[in-house]
Amino acid sequence: MAKNWAIAIGINQYDYLQPLNYAKRDAQLMQEFLGNEAGFERIFFFSDDSPPVDGKSTRPTRTNLLRVLRQLFDNPFMGAGDNFWFFFSGHGIRYADRDYLMPCDGDPEDIENTAIAINFVSERLRRCGADNVVLILDACRNEGKKTGEGIGRQTAEEARQQGVISIFSCIPQEYSYEIDALQQGAFTTALLEGLGIQGKCATVERLDQYLKFRVPELVRQYKNTRQTPYVIAEPVNKCHLILVPRYATLADIATLKNDAYQAEVNRNLDLAEQLWIRVLAAASGQDMDAVRGLQRIERLRDSSANPDLPQQTIPQASKSVTNTPISKPSQTPPKPISPSPVNNTQTSGAGQFLTSTIATPSTPSKNPILPNWSRRKVITVGFAGAGLGFAIVVPRIWRSDLGETDLAGTTSTPAATREITRLPSNPNPFGVSSNSLKSFSFETVTVDAQGNITNRRKKEAKYFEEDLGNGVTLEMVQIPGGTFIMGSPEGEAQRINNESPQHQVKVPGFFMGKYEITQAQYQAIMGNNPSNFKGEKRPVEQVSWNDAVEFCKKLSQKTRKTYRLPSEAEWEYACRAGTKTPFYFGETITTDLVNYKGDYPYGSAPKGVYRQQTTDVGKFLPNSLGLYDMHGNVYEWCQDVYNDNYQGAPKDGSAWLTGKDNNIKLLRGGSWIYDARICRSAGRNKAARILSYVIGFRVVAVAVA
């Protein structure tokens, strides 16, 4: 059985350095992810308030950290297919051309004698014997002053030489930022997203790509500055290593097989063995190519030891590996595992460093990283004894970088639904005959600050229908024009500055999609379905801004009407449906009304379910205009270029098509993966025309072609 061990260190309180706010929380969430989601059996955890274990302090002092690095790594205790991760969140310093981690008692005036050289950490980690050693450093946090180049250059060079996979929160010339709105560091937020259900970054290569787009996006959103993470993984086959087998695709496994075949061809039998073992782990032990590969390696070793034996032919590596069927990892998100009581049994681990043991459930998950999940234990240093436990099984990872308001209590009166003002003289300027408009009836509700329904109303709206072929239709709801106040008021809970200043906008009438574009509709027009969460009635996702624009173009050609993405003003106007409250339902939302991350409600509403996936459109009640899922489910692309605030924004309902970076586009509405606060009517987000399973779109009809 493969071993998966880790050390996680998070330091907020320093004796001689400026304190940090969220380093301990970052390490805590990393520990929880590794133990609960990634199947790591032993995690040595150090934090500010780690209680003594067996009478010995577990505070992250230099002495305590050096002790575990010496005692744990005296002799090899791991082998091929095993993993050891080292995560550090805190201050790092570069001094005399060397990179150092600062323990809680590190003195910046005596770095050599009070800090810990990172090359010493790497050297000790390599001694464990695991073929996959991962060093993750979020260690360039802002001290309030810049003291030359940050850490990373020396460590990166040594990582290349030693084959240690090293993941850095930023380049040496930058800071690693903490985000108050997220109560985490930007880097660790993105890291946990990428490794978890949000990113599904099974391999080093995919995680690297995710971090490179996500961390800058978060920092740009909340700090309006730069942070550039990077990954060192050499030789190149290290990039193909599977970090989280439950999210490995068949293509990931095929790439790993090619590397294994090539290692055999090159007679690098140790590497080939390591890679075949990893193929087996990713395939839950059910890949016959890997079994045969390991058998070949054994025979090759035997033949090398006995030259009289005939030499064996090794299959040629190819770009396309044909493999025996394996079980593809389930796409269903894992169910939370309830924590078991702390067991105070003493254990010594690999050396003499004493730890406390937390027994974990004996029921295996569907896609364990390791076989025999029932036997795994999570070993923590000082964390369990603090009584914090493992309440968060799926950490609060992907907080919005897309920039929305925050959660907090409000005391406003229940939402009053105000009808939209000043209808235009021609309420149907699109060439759609009023005789062709149909009506549909629906119910909408208002809730109070606790999420209780205080009012139910029967409403009616007009719409027309497009026939997209094969029984697929598109319903477009009439949105009367009017004037509204765009943006959030200063008193709205946890709003952010990009929702300011509030300003009056006059919006001409238009038609908007009753639902987010579904997978059936997208398939009918584009001929493909890129979505991660499959279902004809679910919203299409994994569509870039360019994809959405192309859909509108093809839809316009097919129907001889002009379809496009909504402007941001049109979107908020239609979403609010005459309301001034944070949500069109009122002061808050609940998971009975919206598909969002119910673990994190807004205001005084109770926690709800976290579905961890999209839902069919039309499942929940609409707003008073008859539009469904304007809050949650998937983010929706708008036409506009993102701007940091509304200074100079159009006031006629049109799209704002210029900005600092015309490649950064607007997103609205929140999604299934975000907190309730992200789903507010005024919430704004941005992305660089990317693909994501949290992003879809809906369309607007504006004129006859």
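Residues numbered from 1 in each chain as written. Predicted model: local features only at pLDDT ≥ 70, side-chain atom pairs only at ≥ 80, totals over all residues. Heavy atoms only, no water.

## Some remarks on the overall build of the chain
Heads up, the rule is: Helix and strand definitions follow DSSP, with helices as H or I runs of at least four residues and strands as E runs of at least two, each counted in order from the N terminus. Under the scheme applied here, a residue whose accessible area is under 20% of the maximum for its type counts as buried, over 50% as exposed, and between as partly exposed, the area being computed with a 1.4 Å probe on protein chains only. Any pair of residues with heavy atoms lying within 4.5 Å of one another is described as a contacting pair. All accessibility values rest on the Shrake-Rupley procedure with a 1.4 Å probe; residue burial counts only the protein chains present in the view.
Counting its regular elements, the chain contains 13 helices and 26 strands. When each of the 705 residues of the chain is scored for burial, the buried share is 61%. Restricting to contacts in the chain with at least 6 residues of sequence separation, those with at least 24 account for 72%. Here the chain has roughly 26800 Å² of accessible surface; of this, 47% comes from carbon and sulfur atoms.

## Some words on the packing of helix α1 (residues 23–37) against helix α6 (residues 186–195)
Stated formally: To get an axis, a line is fitted to the C-alpha atoms, and for a helix only the part in contact is used. The angle between two axes follows their N-to-C directions and goes from 0 to 180 degrees. An angle counts as roughly parallel when it lies under 35 degrees, as roughly antiparallel when it exceeds 145, as roughly perpendicular when it falls between 65 and 115, and as oblique in every other case.
Following both chains from N to C, one finds α1 and α6 inclined at 10 degrees, their axes separated by 10 Å at the closest point. The orientation of α1 relative to α6 falls into the category roughly parallel. Between α1, through Asp26, Leu29, Met30 and Phe33, and α6, the contact on the second element is made entirely by Thr188, Leu191, Leu192 and Leu195.

## A few points about helix α12 (residues 545–559)
The line we're drawing: By this rule the span expected of a helix is its residue count minus one, scaled by 1.5 Å.
Helix length check: α12 (15 residues) gives 21 Å between terminal C-alpha atoms against 21 Å at 1.5 Å per residue, within 8%. On the buried face of α12, the contacting elements are β16 (453–469), β17 (472–479), α11 (519–526), β21 (561–564), β22 (635–641) and β23 (665–668).

## Regarding the packing of aromatic side chains
Note the cut-off: Between rings of Phe, Tyr and Trp, where Trp is taken as its six-membered ring, a pair exists when centres lie within 6.5 Å; planes separated by under 30 degrees are stacked, by over 60 edge-to-face, and by other angles tilted.
For the structure on display, the rule yields 24 aromatic pairs. On the basis of an interplanar angle of 5 degrees and a centroid distance of 5.7 Å, the ring pair of Tyr522 and Phe551 is categorised as stacked. Highlighted residues: Tyr522 in helix α11 and Phe551 in helix α12, separated in sequence by 29 residues. Given a relative accessible area of 2%, Tyr522 falls into the buried group. For the ring pair Phe533 and Trp672, a centre distance of 5.3 Å and an interplane angle of 90 degrees mean the geometry is edge-to-face.

## Concerning the pairing of β17
The condition is simple: By definition, two strands form a pair when at least two bridges between them are found by DSSP.
Taken across its eight residues, β17 has seven buried, putting it largely inside the fold. Where β16 meets β17, six bridges bridge the pair, whose relative direction is antiparallel. Residue pairing for β17: Glu466 is matched across the bridge by Leu474. Bridge count between β17 and strand β20 (residues 510–513): four bridges; the pairing is antiparallel. Counted as the bridge partner of Gln478 is Phe511 from β20.

## Some thoughts on the packing of α6 against helix α7 (residues 204–223)
Put simply, the test is: Handedness of a crossing follows from how the near helix is turned relative to the far one, being left-handed for an anticlockwise turn of less than a right angle and right-handed for a clockwise one.
Direction vectors running N to C along α6 and α7 enclose 140 degrees, while the axes themselves pass 9 Å from each other. Compared by their axis directions, α6 and α7 come out oblique. Regarding α6 and α7, the two cross each other, and that crossing is right-handed. Contacts between α6 and α7 involve Ala186, Phe187, Thr189, Ala190, Leu191, Glu193, Gly194 and Leu195 on the former and, on the latter, Leu207, Tyr210, Leu211, Arg214, Val215, Leu218 and Val219.

## Examining the sheet that holds strand β6 (residues 116–117)
What the three strands build is an open sheet, ordered β4-β5-β6; its pairing is antiparallel. The open sheet is flanked by β4 (92–95) and β6, the only strands paired with a single partner. Alignment of β4 against strand β5 (residues 98–101), held across four bridges, turns out to be antiparallel. Bridged to Ile93 within β5 is Tyr100.

## What about the confidence of the model for the chain?
We apply this condition: How sure the predictor is of each residue is captured by pLDDT, a score from 0 to 100.
Mean pLDDT for the chain: 79, with 76% of residues reaching 70 or above. With pLDDT under 50 throughout, residues 142–148 is counted as low confidence; its partners more than four residues away or in other chains account for 16 contacts. Note on residues 309–430: pLDDT under 50 across the span, and 361 contacts to partners over four residues away in sequence or across chains.

## Focus on the pattern of salt bridges
Put simply, the rule is: Salt bridge, as applied in this entry: a Lys or Arg side-chain nitrogen positioned within 4 Å of an Asp or Glu carboxyl oxygen.
Using the criterion set out here, one finds 28 salt bridges in the structure. Linking Asp74 and Arg124 is a salt bridge whose minimum nitrogen-to-oxygen distance equals 3.3 Å. A residue pair is termed long-range when its members are at least 10 positions apart, and Asp74 in the loop between α2 (62–72) and β3 (83–89) and Arg124 in helix α4 (residues 118–126) qualify at 50 residues. By relative accessible area, Asp74 is classed as partly exposed at 45%. By relative accessible area, which is 7% here, Arg124 ends up buried. Notably, a salt bridge pairs Arg698 with Glu636, separated by 2.8 Å at the nearest N-O pair. Residue Arg698 is located in the loop between β25 (695–696) and β26 (700–704), and its partner Glu636 is located in strand β22; the two are separated by 62 residues in the primary sequence. For the residue pair Arg698 and Glu636, the accessibility class agrees, reading buried in each case.

## Here we look at the pairing of β3
Of all the seven residues making up β3, seven are buried; the element is thus mostly covered by neighbouring parts of the structure. Residues Asn83, Trp85, Phe87 and Ser89 point to one face of β3 and Phe84, Phe86 and Phe88 to the other, with burial holding for every one of them. Across seven bridges, the pairing between strand β1 (residues 4–10) and β3 is parallel. Bridge pairing in β3 links Trp5 to Phe84. As judged from the seven bridges shared by β3 and strand β7 (residues 132–138), these two strands associate in the parallel manner. Paired with Ser89 across the bridge in β7 is Asp138.

## Some points on α2
Among all positions in α2, only Asn64, Leu65, Leu66, Arg67, Val68, Leu69 and Leu72 are buried. As for α2, its buried residues are in contact with β1, β2 (42–47), β3, β6 and α4.

## Some points on the environment of Ile118
Relative to the elements of secondary structure, Ile118 occurs in helix α4. What makes Ile118 buried here is its relative accessible area of 0%. Sequence separation of Ile118 and Asp99 is 19 residues, and the distance between their C-alpha atoms is 5.7 Å.

## A closer look at the environment of Asn633
We count it as follows: Whenever a nitrogen or oxygen atom comes within 3.5 Å of another N or O atom, the pair is scored as a polar contact, on the condition that within protein one atom can donate a hydrogen and the other can accept it, and that pairs from neighbouring residues in sequence are kept only if both atoms are in side chains.
With respect to the helices and strands, the residue Asn633 is situated in the loop between α13 (568–576) and β22. Look at Asn633 and you get buried, because its relative accessible area is 0%. If sequence neighbours within four positions are ignored, Asn633 has contacts with Glu516, Pro539, Asn595, Thr614, Thr615, Ser671 and Trp672. Here Glu516 takes part through its side chain, which lies 3.3 Å from a polar atom of the side chain of Asn633. There is a polar contact of 3.0 Å between the side chain of Asn633 and the backbone nitrogen of Thr615.

## Here we look at unusual backbone geometry
Geometrically, the link from Ser500 to Pro501 is a cis peptide bond, its omega value of -10 degrees lying close to zero. Relative to the helices and strands, Pro501 resides in the loop between β18 (482–486) and β19 (503–507). Despite not being glycine, Asp629 has its phi angle at roughly 60 degrees, a positive value. By secondary structure assignment, the location of Asp629 is in the loop between α13 and β22. The buried category is assigned to Asp629, whose relative accessible area is 4%.

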